[in-house]
Amino acid sequence: WTKALLFLVCLVPFSALCLRALQGHLGPNPVETLQHGTGDWTLRFLIFTLAISPLRKILKLPDLIRFRRPLGLFAFFYALLHVLTWIVLLSFFDLQTMVDDVVKRPFITVGMATFAILLAFGYSINILTMLALVLAIGVVVDDAIVVLENIHRHREHIDPDPRSAASIGSSGTT
C-alpha cells in the first residue's frame, strides 16, 4: 500500500498544474508556468531519487530502496512533460523553431542531449546522476538569464537605477 500512496503523492504536482490550467490560474504566461513547473518537479524528483541511497544508509532503513525506481520513473514522467511542453506549446512542432532555440540557448542543447541519453541508454542511476547534474545546471543558467532579462527590461523601461532594477528584476524568479 505504501507504493500506491507514493504514486498518488507523486501525482499531486501534476494534478495541481492541471487544476491551475483548467481554472486559468497559470498567470500572465501560462506556457512558461507549465514549462518551469514541470522542469522544477523533474529536478525535485531527481533529487528525491538520488537521496534514497544515502538516506537508507544514514537512517539504517534498507527497505527505502524499493521507492527509488518509482521516484525515478516520476522524474522521467516530469522530464517528458517538460520536453513535450517545449515541443508542443513553445515550438508548435516547428522543427526550425526548435533548432533555432537550441542554437540560441545552450542550456536547451544540454537538456535535450541529456534527455536523448536517458532515452537511448535506458534508466539507470548513472544516467540519472548525469541527468540531474545537467538539468540542475540548465535550471540555474535559465534562471540567471531570466533575472538578467528582467533587470535589463526594468532598467530600460521603468527605472535606470541599477539597485532598483536588480531588486525588482530578481524578485520575479522563484
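These remarks concern the structure in this document. On a predicted model such as this, the values are computed, not experimentally measured, just so you know. (Residues numbered from 1 in each chain as written. Predicted model: local features only at pLDDT ≥ 70, side-chain atom pairs only at ≥ 80, totals over all residues. Heavy atoms only, no water.)

**As for a nonpolar patch on the surface**
Here is step 1 of the chain: Together, Leu 55, Ile 58, Leu 59 and Leu 61 line one region of the surface with nonpolar side chains, adding up to about 380 Å² of accessible area.
Here is step 2 of the chain: Position of Leu 59 among the secondary structure elements: in the loop between helix H3 (30-58) and helix H4 (68-90).
Here is step 3 of the chain: Classification of Leu 59 as partly exposed rests on a relative accessible area of 48%. (Patch = residues over 30% accessible without salt bridge, like charges linked within 9 Å, V, L, I, M, F, W, Y side chains within 5 Å. Areas by Shrake-Rupley, 256 points an atom, 1.4 Å probe, with all protein chains shown as cover. Salt bridge = Lys/Arg side-chain N within 4 Å of Asp/Glu carboxyl O. Helix = DSSP H or I, 4+ residues; strand = E, 2+ residues; numbered from the N terminus. Buried < 20%, exposed > 50% of the residue type's maximum accessible area, 1.4 Å probe, protein only.)

**Topic: the packing of aromatic side chains**
Here is step 1 of the chain: For the coordinates displayed, the defined rule picks out 8 aromatic pairs.
Here is step 2 of the chain: Ring geometry for Phe 74 against Phe 77: centres 6.0 Å apart, planes inclined by 85 degrees, an arrangement best described as edge-to-face. In this pair, Phe 74 and Phe 77 both sit in helix H4, 3 residues apart, roughly one turn of the helix.
Here is step 3 of the chain: The class of Phe 74 is buried, set by a relative accessible area of 8%.
Here is step 4 of the chain: The class for Phe 77 is partly exposed, based on a relative accessible area of 26%.
Here is step 5 of the chain: An aromatic cluster is defined as three or more aromatic residues linked by ring pairs; in this entry it consists of Phe 7, Phe 14, Trp 41, Phe 45, Phe 48, Phe 74, Phe 77 and Tyr 78.
Here is step 6 of the chain: Above the plane of the ring of Trp 41 lies Arg 44, whose end atom (NZ or CZ) is 4.5 Å from the centre. (Phe/Tyr/Trp six-rings, centres within 6.5 Å; stacked < 30°, edge-to-face > 60°. Lys NZ or Arg CZ within 6 Å of the ring centre and 35° of its normal.)

**Re the nonpolar core**
Here is step 1 of the chain: Core analysis: the largest hydrophobic core is formed by 13 residues, its most contacted members being Cys 10, Phe 45 and Leu 71.
Here is step 2 of the chain: When contributions to this core are tallied by element, the ones reaching two or more residues are helix H1 (2-10), H3 and H4.
Here is step 3 of the chain: The greatest single-element share of this core, amounting to 5 residues, is contributed by H4.
Here is step 4 of the chain: Residues contacting Phe 45, with those up to four places away along its chain left out, are Cys 10, Pro 13, Leu 71, Phe 74, Ala 75 and Tyr 78.
Here is step 5 of the chain: Core analysis: the next-biggest nonpolar cluster, separate from the first, contains 8 residues, Ala 79, Val 83, Phe 107 and Ile 108 among them. (Core = buried A, V, L, I, M, F, W, Y, C linked by side-chain atoms within 4.5 Å. Contact = heavy atoms within 4.5 Å.)

**What about the pattern of salt bridges?**
Here is step 1 of the chain: Going through the model one piece at a time under the given rule, you end up with 1 salt bridge.
Here is step 2 of the chain: Across the pair Arg 105 and Asp 101 runs a salt bridge whose closest N-O atoms are separated by 2.5 Å.
Here is step 3 of the chain: Residue classification places Asp 101 among the buried positions, given a relative accessible area of 13%.

**So, the packing of H3 against H4**
Here is step 1 of the chain: The contact between H3 and H4 brings their axes to 8 Å, and the two run at 160 degrees. With respect to each other, H3 and H4 are oriented roughly antiparallel. Handedness of the H3/H4 crossing: left-handed. (Axes fitted to C-alpha atoms, helices over the stretch in contact; angles between N-to-C directions. Parallel < 35°, antiparallel > 145°, perpendicular 65-115°, else oblique. Left-handed = near helix turned anticlockwise from the far one by under 90°.)

**Points about unusual backbone geometry**
Here is step 1 of the chain: In this model, Phe 92 sits at a positive phi of 55 degrees, which is unusual for a non-glycine residue.
Here is step 2 of the chain: Inspection of the secondary structure puts Phe 92 in the loop between H4 and helix H5 (95-104).
Here is step 3 of the chain: With a relative accessible area of 63%, Phe 92 lands in the exposed category.

**Describing H3**
Here is step 1 of the chain: For H3, with 29 residues, the first-to-last C-alpha span of 41 Å sits near the 42 Å given by 1.5 Å per residue.
Here is step 2 of the chain: The largest bend along H3 reaches roughly 40 degrees and is located at Ile 52, with the proline Pro 54 sitting one to four residues downstream.
Here is step 3 of the chain: Among all positions in H3, only Leu 34, Gln 35, Gly 37, Thr 38, Gly 39, Thr 42, Leu 43, Phe 45, Leu 46, Thr 49 and Ile 52 are buried.
Here is step 4 of the chain: Within two residues after H3, Lys 60 carries a phi angle of roughly 55 degrees, on the positive side. (Expected span 1.5 Å × (residues − 1). Bend = angle between axes of the 7 residues up to and from the residue.)

**Digging into the side chain of Thr 49**
Here is step 1 of the chain: Along the chain, the position of Thr 49 falls in helix H3.
Here is step 2 of the chain: Judged by its relative accessible area of 2%, Thr 49 falls in the buried class.
Here is step 3 of the chain: Within the structure, the side chain of Thr 49 is placed 2.7 Å from the backbone oxygen of Phe 45, a separation counted as a polar contact.
Here is step 4 of the chain: Engagement of the side chain of Thr 49 in a polar contact is seen with the backbone nitrogen of Gly 72, the distance being 3.1 Å. (Polar contact = N/O pair within 3.5 Å; in protein donor to acceptor, adjacent residues only side chain to side chain.)

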